[in-house]
Structures are given as C-alpha cells and as structure tokens.
Amino acid sequence: MAKGVRARTDVEVASGTHRSRCSNAALRKATRNIGQLYDEVLAPCGLRTTQHSLLVTVRALGTPTMGQLAETMVMDLSGLGHTLKPLARDGYLRLVPDAADRRVRRVALTDLGAAKLEQSIPLWQDAQTRFEAAFGRERTDALRDVLAALARPGFRAAFARGARPDEAG
C-alpha cells in the first residue's frame, strides 16, 4: 500500500462513508442522490427531474433541433431520444420536421407541456430551496460555478489534452 494512503474498511465502503478518490464516481454518486431527492419533490406533478430540465430547456431554446438540444443538455442523441419518448407519448413535446431540411427533427413544447412545466415549477423551486437550506447558500453558489465549469466545452478540450482549461494549448 502506498505511503500515506489509509486502507478503507469494508464497513466504510459498504456504508458510503469513505471519500472516493475517483472524481467520476463521486460526481455520479452525488448526482444520483440529489436526483432522487428532487424526483421525490417533483413526484406530485408526475415528472422526473430530467424531464423537468428537458421541458425547461426546450422552452428556453424555442424549437431546437435534436442535435441542438442534445448539445445543450450535454447528452448523446440516443439518451436524449430515450428521455423524450415519454414526454412525446404524454403530449408534452412534439417532434416536428425542420422546414428547411425535412431530415432534421425539431422538438416543440406543446400547450399541454407548457402547462405541465408551470405545474412543476413550484415543486422544483421547493427542491431548490431545500437544497440551499441543507447545503448553504454560499456553498450552493460555489457548487453551481464549479459544475458549470465542468460542463463547458473548454473543460472537455482541456481534459483531452491533460491540461487546465486556462492553459494555452
């Protein structure tokens, strides 16, 4: 074992009390936990957090192409399609051909989707308030800044070349 590295006990690993040295594992674990908490708060409106976020993003973008929406959400097209299916099935979104190129599909928020989004917003705001109360306002702001930096294309490029985003490359 490397000097200065303490062995984790089975109890620590099983209970989740150890701090992972893998950034990806730690982010995914935190994301699953927070996602479950938000899903519980949003449950009365019948939307999951991912669905709420998708409706918000479509409303903000207007009628984006599938590619634009996937890029904005940092999703691949198959993952986006999987998330869109129940929203389209329930009539909250429509997939429509692009007027200029019929091969391109655009995502449109329906009136029913806009109404569902309005129903979900107070619940989402409640989840946000609970998060800030539990985590602290300053820490929440700092966390959002860090997460935004991790989601930027510059971070992806820096990761690929093994350098910080602010380093010349």
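Refer to the structure presented above.
Residues numbered from 1 in each chain as written. Predicted model: local features only at pLDDT ≥ 70, side-chain atom pairs only at ≥ 80, totals over all residues. Heavy atoms only, no water.

1. Focus: the overall build of the chain
Phase 1 of the analysis: Broken down by element type, the chain carries eight helices and two strands.
Phase 2 of the analysis: For the chain, the sequential pattern of α-helices and β-strands runs α-α-α-α-α-β-β-α-α-α.
Phase 3 of the analysis: Put simply, the chain has 169 residues, and 25% of those count as buried.
Phase 4 of the analysis: Counting contacts in the chain only where the partners sit at least 6 residues apart, residues at least 24 apart contribute 47% of the total. (Helix = DSSP H or I, 4+ residues; strand = E, 2+ residues; numbered from the N terminus. Buried < 20%, exposed > 50% of the residue type's maximum accessible area, 1.4 Å probe, protein only. Contact = heavy atoms within 4.5 Å.)

2. Re the packing of aromatic side chains
Phase 1 of the analysis: Tallied over the entire structure, the rule returns two aromatic pairs.
Phase 2 of the analysis: Ring centres 5.5 Å apart and planes at 50° place the aromatic pair F131 and F135 in the tilted group. You can see F131 and its partner F135 sitting in helix α6 (residues 111-135), four residues apart, about one turn around the helix.
Phase 3 of the analysis: Residue F135 is classed as partly exposed on the basis of its relative accessible area, which comes to 28%.
Phase 4 of the analysis: Considering the side-chain rings of F155 and F159, the 6.3 Å spacing of their centres and the 45° angle between planes classify their relative orientation as tilted. Placement of the pair is F155 and F159 together in helix α8 (residues 153-161), with a separation of four residues, close to one helical turn. (Phe/Tyr/Trp six-rings, centres within 6.5 Å; stacked < 30°, edge-to-face > 60°.)

3. So, helix α2 (residues 23-42)
Each α-helix turn comprises 3.6 residues. Residues three or four places apart therefore point the same way.
Phase 1 of the analysis: Here α2 is 20 residues long and its end C-alpha atoms lie 28 Å apart, about the 28 Å a rise of 1.5 Å per residue gives.
Phase 2 of the analysis: Taken together, the buried positions of α2 are occupied by G35, Y38, D39, V41 and L42. Buried positions in α2, seen along its axis, are confined to an arc of 145° and lie on one side of it.
Phase 3 of the analysis: Buried residues along α2 sit against α3 (49-61) and α6. (Expected span 1.5 Å × (residues − 1). Arc of directions from axis to C-beta.)

4. Brief notes about unusual backbone geometry
Phase 1 of the analysis: Phi at V74 is positive, roughly 55°, even though this residue is not glycine.
Phase 2 of the analysis: The topology assignment puts V74 in the loop between α4 (66-73) and α5 (77-89).

5. Remarks on the packing of α3 against α4
Phase 1 of the analysis: Across the interface, α3 lies against α4 with an axial gap of 11 Å and an inter-helix angle of 120°. Comparing their axes, α4 and α3 come out oblique. Of the two elements, α3 crosses α4, and the hand of that crossing is right-handed. Touching S53, L54, T57, V58 and L61 of α3 are L69, T72 and M73, all from α4.
Phase 2 of the analysis: Its residues assigned to classes, the contact of α3 with α4 comprises five nonpolar, three polar and no charged. (Axes fitted to C-alpha atoms, helices over the stretch in contact; angles between N-to-C directions. Parallel < 35°, antiparallel > 145°, perpendicular 65-115°, else oblique. Left-handed = near helix turned anticlockwise from the far one by under 90°. Nonpolar A, V, L, I, M, F, W, Y, C, P; charged D, E, K, R; others polar.)

6. Some points on the environment of P122
Phase 1 of the analysis: Residue position: P122 is located in helix α6.
Phase 2 of the analysis: Looking at P122, the relative accessible area reads 48%, which means it is partly exposed.
Phase 3 of the analysis: With 81 residues separating them along the chain, P122 and V41 place their C-alpha atoms 10.0 Å apart.

7. Quick notes on the pattern of salt bridges
Phase 1 of the analysis: Within the structure shown, the criterion is met by ten salt bridges.
Phase 2 of the analysis: When salt bridges with common partners are traced through the structure, they connect E132, R137, D141 and R144 into a single cluster. (Salt bridge = Lys/Arg side-chain N within 4 Å of Asp/Glu carboxyl O.)

8. Some details on the environment of L109
Phase 1 of the analysis: In this structure, L109 sits in strand β2 (residues 105-109).
Phase 2 of the analysis: Judged by relative accessible area, L109 falls into the partly exposed class, the value being 22%.
Phase 3 of the analysis: Once the C-alpha coordinates of L109 and V58 are considered, the two residues, 51 residues apart in sequence, prove to be 6.5 Å apart.
Phase 4 of the analysis: Other than its neighbours up to four places away in sequence, L109 contacts L55, V58, R59, Y92, L93 and A114.

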